[in-house]
Structures are given as structure tokens and as C-alpha cells.
Amino acid sequence: MKRILIVLVCWVFFQSVFAQDTPSKPATGENDMNILFGNKGNAPKIPIGYFLDIDGGFTKFSRYGVFLPGMSLGIILNHHWTIGLTGNIIDNTKGLVVHNIYYDSISKNMRGADLNGGFGGILLEYSLFPKSRIHFTFPIMIGDGYLFYTQLPEYYGSAQPYHYKHHAYISINNCFVIEPGVRLDFNFVRIFRLGLAITYRYSPDLALLNTSTHFIDQFTGKIILRFGQF
């Protein structure tokens, strides 16, 4: 809980300090949107935009590397504020195998399991100088995580040796997740932005079998492709 409060206070502080959008070298037009490629365009004085994100993230759960692809969508108010929905799933190509999760009474050994699931919730953002070609955005996701362990496939010898038994669920958990961060945005063209982000994911009530409550608390690096009307 202390971590959540510290992160939220920092996030609000940054918004308060940089709340005014008054660059040292203003554009020739008050509403000009500056872009890296092509001519800048004029935006409405009271815009309501929209966006669709496709992103890829890399993080760690304890010592296990995890790939987290995801999508987001929502609306943009007055260029600065964003509200929408976002989600990411665990998508390791060969599965995320976590060791020593449950006791196998047949082999008398502890066995590993596949971890699956993802995170999702409400996405809130504030952008500093959003009409500049390169600018900072402060996102925060507040939502749920849905994670579950399943048994690893057990192969056995037969005429077709690569058949395996049906996966069985071992442990399932819904948990609260909050994930603030900071992102560097590049206005490439009028309908496309590229973002490079670092976020920190925190879940205070994770409760999976033989798994630390801090198992998923970790930094994530992300690349975001954002399409829309800004």
C-alpha cells in the first residue's frame, strides 16, 4: 500500500508541476500540431480525439522473462488527457514454466506449471506539450489481473509418442493491479505516434499456489504504436 501511495503522489506531483502547456518556442499557430514527417496540421480548438494502441512489453516475474503484447483504445480530451481501456496477456512462445509449484504424489516430487493470463483495466494519461514533435506522457492503468497455473503436458511412450494428457488447472487467482509509468512519445505523422515507455506493475493481493505475493511486482519496458486522431 505504501508503494501505491508513493507512486500516485509522484504522478500527481509531475502533473501539477508541468500542467501548463507553454513551450519556449511556440508554433506559428496556436493550434498547430508539430510532426516529425510532413507538414504540421491545424487541430480544432476543442478537440475530442481517439486512439488505438498496439504494444509489446518485456518484463520479469521473479527471475522469469515474460513477453506481454497488448492493445488499448479510448478518447483524447483537449490533447492532454486520455481515458480508455487497456489489456496485456502473457504470450511466451514456449509457455512460461514456473518451477516447484505443486507436489506430485505419484513421482513424490515438486513439479513446475505453466503460468497463463493477463492484466487489464482503465487507462488514464496526461501528456505534456502534446503538440510538440517529442513529448512526455504519464500513463496509469488501474484494473485486474487474471492468472492461473496449469499442469505441464506429460508425454508418454506409444505408437504416437507425442500425445499428451489434457491440461489441468492447479491454481487460479484474480488480483488488483495498478501500473503507473512514463512514456516518451514521437509525433511521426498526423495519425501515428511511436511511444517508448517504462511502467511499474504492483499487485498487493496476488495469491497463487506456492508463489510469492510480489511475484509480478516489476518494471516493464514497452514499445507502443498509436494510431488515431490527436
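As shown above, the structure is provided for reference.
Calculation criteria
Residues numbered from 1 in each chain as written. Predicted model: local features only at pLDDT ≥ 70, side-chain atom pairs only at ≥ 80, totals over all residues. Heavy atoms only, no water. Helix = DSSP H or I, 4+ residues; strand = E, 2+ residues; numbered from the N terminus. Buried < 20%, exposed > 50% of the residue type's maximum accessible area, 1.4 Å probe, protein only. Contact = heavy atoms within 4.5 Å. Pairing = 2+ DSSP bridges. Polar contact = N/O pair within 3.5 Å; in protein donor to acceptor, adjacent residues only side chain to side chain. Salt bridge = Lys/Arg side-chain N within 4 Å of Asp/Glu carboxyl O. Core = buried A, V, L, I, M, F, W, Y, C linked by side-chain atoms within 4.5 Å. Phe/Tyr/Trp six-rings, centres within 6.5 Å; stacked < 30°, edge-to-face > 60°. Lys NZ or Arg CZ within 6 Å of the ring centre and 35° of its normal.

## With respect to unusual backbone geometry
Turning to step 1, where the next piece is worked out: The residue Asn-78 is not glycine, and still its phi comes out positive at about 55°.
Turning to step 2, where the next piece is worked out: Relative to the helices and strands, Asn-78 is located in the loop between strand S4 (64-77) and strand S5 (81-89).
Turning to step 3, where the next piece is worked out: Residue classification places Asn-78 among the partly exposed residues on the basis of a relative accessible area of 43%.
Turning to step 4, where the next piece is worked out: Phi at Asn-100 is positive, roughly 55°, even though this residue is not glycine.
Turning to step 5, where the next piece is worked out: Assignment of secondary structure puts Asn-100 in strand S6 (residues 96-104).
Turning to step 6, where the next piece is worked out: The class for Asn-100 is partly exposed, based on a relative accessible area of 48%.

## Observations regarding the environment of Ile-89
Turning to step 1, where the next piece is worked out: Secondary-structure assignment places Ile-89 in strand S5.
Turning to step 2, where the next piece is worked out: As a C-alpha pair, Ile-89 and Gly-118 span 29 residues in sequence and 4.0 Å in three-dimensional space.
Turning to step 3, where the next piece is worked out: Not counting the four nearest positions on each side in its chain, Ile-89 is found in contact with Phe-67, Leu-68, Pro-69, Gly-117 and Gly-118.

## Side note on the pairing of S4
Turning to step 1, where the next piece is worked out: Two strands pair when backbone bridges link them, and strand S3 (residues 48-61) and S4 are joined in this way by 14 bridges, in the antiparallel orientation. Directly across from Gly-49, in S4, lies its bridge partner Ile-76.
Turning to step 2, where the next piece is worked out: Counting the residues in the hairpin turn of S3 and S4 gives 2 residues, including Ser-62, whose phi is positive at 55°.
Turning to step 3, where the next piece is worked out: Note: S4 against S5, 8 bridges, orientation antiparallel. The residue bridging Ile-76 from the neighbouring strand is Thr-82, located in S5.
Turning to step 4, where the next piece is worked out: Counted along the chain from S4 to the antiparallel partner S5, the turn is 3 residues long, and its residue Asn-78 has a positive phi close to 55°.

## Re the side chain of Ser-72
Turning to step 1, where the next piece is worked out: Along the chain, the position of Ser-72 falls in strand S4.
Turning to step 2, where the next piece is worked out: In this structure the side chain of Ser-72 is engaged in a polar contact, spanning 2.6 Å, whose partner is the side chain of Thr-86.
Turning to step 3, where the next piece is worked out: Apart from residues no more than four positions distant in its own chain, Ser-72 is found in contact with Phe-51, Leu-52, Asp-53, Asp-55, Leu-85, Thr-86 and Leu-123.

## Topic: the side chain of Thr-82
Turning to step 1, where the next piece is worked out: With respect to the secondary-structure elements, Thr-82 resides in strand S5.
Turning to step 2, where the next piece is worked out: Ignoring any residue separated from it by four or fewer positions in sequence, one finds Thr-82 in contact with Phe-51, Ile-75, Ile-76, Leu-123, Leu-124, Glu-125 and Arg-226.

## Some details on the pattern of salt bridges
Turning to step 1, where the next piece is worked out: One pass over the full model with this rule turns up 7 salt bridges.
Turning to step 2, where the next piece is worked out: Glu-125 serves as the salt-bridge partner of Arg-226, at 3.1 Å between the closest nitrogen and oxygen. With Arg-226 in strand S11 (residues 218-229) and Glu-125 in strand S7 (residues 109-127), the pair connects residues that are 101 residues apart, well separated along the chain. The same class applies to Arg-226 as to Glu-125, namely buried.
Turning to step 3, where the next piece is worked out: The partner of Glu-179 in a salt bridge is Arg-201, and the shortest N-O contact between them spans 3.9 Å. Of this pair, Glu-179 sits in strand S9 (residues 169-189) while Arg-201 sits in strand S10 (residues 192-201), and the two are 22 residues apart along the sequence.
Turning to step 4, where the next piece is worked out: Classification of Glu-179 as buried rests on a relative accessible area of 8%.
Turning to step 5, where the next piece is worked out: Taken together, the shared-partner salt bridges connect Asp-53, Glu-125, Arg-183, Asp-185 and Arg-226 into one network.

## Considerations on the nonpolar core
Turning to step 1, where the next piece is worked out: In this structure, Phe-61, Leu-115 and Phe-215 are the most contacted members of the largest nonpolar core, which totals 20 residues.
Turning to step 2, where the next piece is worked out: Among the secondary structure elements, those contributing two or more residues to this core are S4, S6, S7, strand S8 (134-151) and S9.
Turning to step 3, where the next piece is worked out: Setting aside its immediate chain neighbours within four residues, Phe-61 contacts Val-66, Ile-90, Leu-96, Leu-115, Phe-119, Arg-201, Phe-215 and Ile-216.
Turning to step 4, where the next piece is worked out: Membership of the second largest hydrophobic core comes to 6 residues, among which are Ile-35, Phe-51, Leu-123 and Phe-230.

## Side note on the packing of aromatic side chains
Turning to step 1, where the next piece is worked out: As enumerated under the stated definition, the model contains 10 aromatic pairs in all.
Turning to step 2, where the next piece is worked out: Judged by centre distance (6.5 Å) and plane angle (70°), the rings of Phe-186 and Phe-188 are edge-to-face.
Turning to step 3, where the next piece is worked out: Given a relative accessible area of 18%, Phe-186 falls into the buried group.
Turning to step 4, where the next piece is worked out: Accessibility expressed as a relative area gives 24% for Phe-188, which makes it partly exposed.
Turning to step 5, where the next piece is worked out: An aromatic cluster of at least three residues, connected via ring pairs, comprises Phe-61, Tyr-64, Phe-119 and Phe-215.
Turning to step 6, where the next piece is worked out: Here Arg-193 stacks its cationic end above the ring of Phe-230, 4.3 Å away from the centre of that ring.
Turning to step 7, where the next piece is worked out: One cation-aromatic arrangement involves Arg-226 over Phe-51; the distance from NZ or CZ to the ring centre is 4.0 Å.

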